[in-house]
Amino acid sequence: MAVTGDGSGRQAFELANAFVISRALQVCVKLRLPALLREGAMTSHALAKATGTHEPHLYRLMRGLTGHDCFLEGPDRTFTLGAVGLQLLPQEGSAGAAAEAMGAPQMWEAFGRFAEAVQLGRPTLESARMSRLYEPEASERAADLVAETQRAFHVSGPEAIAGACDFSASRLIVDVGGRSGGLLAGILANHPSARGIL
């Protein structure tokens, strides 16, 4: 790696390696590690037993993520949640939902065809069997993940839109495709005289 005074060499390396970190986060969410650590510290041995995983590899996974503030390592191979790990806890608007959605096999297949999309102008999500993800026929869990991911990416969106747009002249507000109703609820909270349809 070239050493430069402005740190761009390090930044380029981190960007190239970002998919590894992304995958590690997805594995943590899939194994429910943040949820298991919600109540406090656990050893990697206890976590391996709870998740049915290989302890040495689980330990290396978690130790690798300490550098990204996902976990904090204590004595005797114990771990607690770091600031980033707290954001992965299962709750509305959690980044954990985004990590799970982006870790779906179809997503990895789709982004593995990125060069194909650029060269041929072909939508990779459709070619990776995700063309029906947003359709009624999509599985309930897939649809839930899409909704949760959108909330995670746009956690402050409803409040910002409700505050920035003037709906005072509107008597009926329709939210098309608003699965959770969070945006509509935020708007109606600021305009109680209006009615909403989700």
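Now for a quick tour of the structure. (Residues numbered from 1 in each chain as written. Predicted model: local features only at pLDDT ≥ 70, side-chain atom pairs only at ≥ 80, totals over all residues. Heavy atoms only, no water.)

### Focus on the pairing of strand β3 (residues 78–81)
Phase 1: Pairing between strand β1 (residues 42–43) and β3: 2 bridges, direction antiparallel. Its bridge partner being in β3, Met42 is matched across the sheet by Phe79.
Phase 2: In this structure, the hairpin formed by strand β2 (residues 71–73) and β3 is closed by a connection of 4 residues, where Asp76 is found at a positive phi of approximately 60 degrees. (Pairing = 2+ DSSP bridges. Helix = DSSP H or I, 4+ residues; strand = E, 2+ residues; numbered from the N terminus.)

### Overview of the sheet that holds β1
Phase 1: With antiparallel pairing, 3 strands are arranged side by side in an open sheet as β1-β3-β2. Both outer strands of the open sheet, β1 and β2, are each paired with one neighbouring strand and no more.
Phase 2: Sheet topology note: the β2/β3 ladder contains 3 bridges and is antiparallel. Counted as the bridge partner of Glu73 is Phe79 from β3.

### Side note on the packing of helix α4 (residues 44–51) against helix α5 (residues 55–66)
Phase 1: For the pair α4 and α5, the least separation of the axes is 9 Å and the interaxial angle reads 115 degrees. With respect to their mutual orientation, α4 and α5 come out roughly perpendicular. By crossing handedness, the relation of α4 to α5 is classed as right-handed. Listed contacts from α5 to Ser44, His45, Leu47, Ala48 and Thr51 of α4 are Glu55, Leu58, Tyr59 and Met62.
Phase 2: Class assignment for the residues of the contact of α4 with α5 results in 5 nonpolar, 3 polar and 1 charged. (Axes fitted to C-alpha atoms, helices over the stretch in contact; angles between N-to-C directions. Parallel < 35°, antiparallel > 145°, perpendicular 65-115°, else oblique. Left-handed = near helix turned anticlockwise from the far one by under 90°. Contact = heavy atoms within 4.5 Å. Nonpolar A, V, L, I, M, F, W, Y, C, P; charged D, E, K, R; others polar.)

### Observations concerning the pattern of salt bridges
Phase 1: Using the criterion set out here, one finds 4 salt bridges in the structure.
Phase 2: Of the charged contacts in the structure, one is a salt bridge between Glu73 and Arg63, with a shortest N-O distance of 3.8 Å. Linking Glu73 in strand β2 with Arg63 in helix α5, this pair joins segments that are 10 residues apart in sequence.
Phase 3: You can call Glu73 partly exposed: its relative accessible area is 34%.
Phase 4: Owing to a relative accessible area of 48%, Arg63 belongs among the partly exposed residues under this scheme. (Salt bridge = Lys/Arg side-chain N within 4 Å of Asp/Glu carboxyl O. Buried < 20%, exposed > 50% of the residue type's maximum accessible area, 1.4 Å probe, protein only.)

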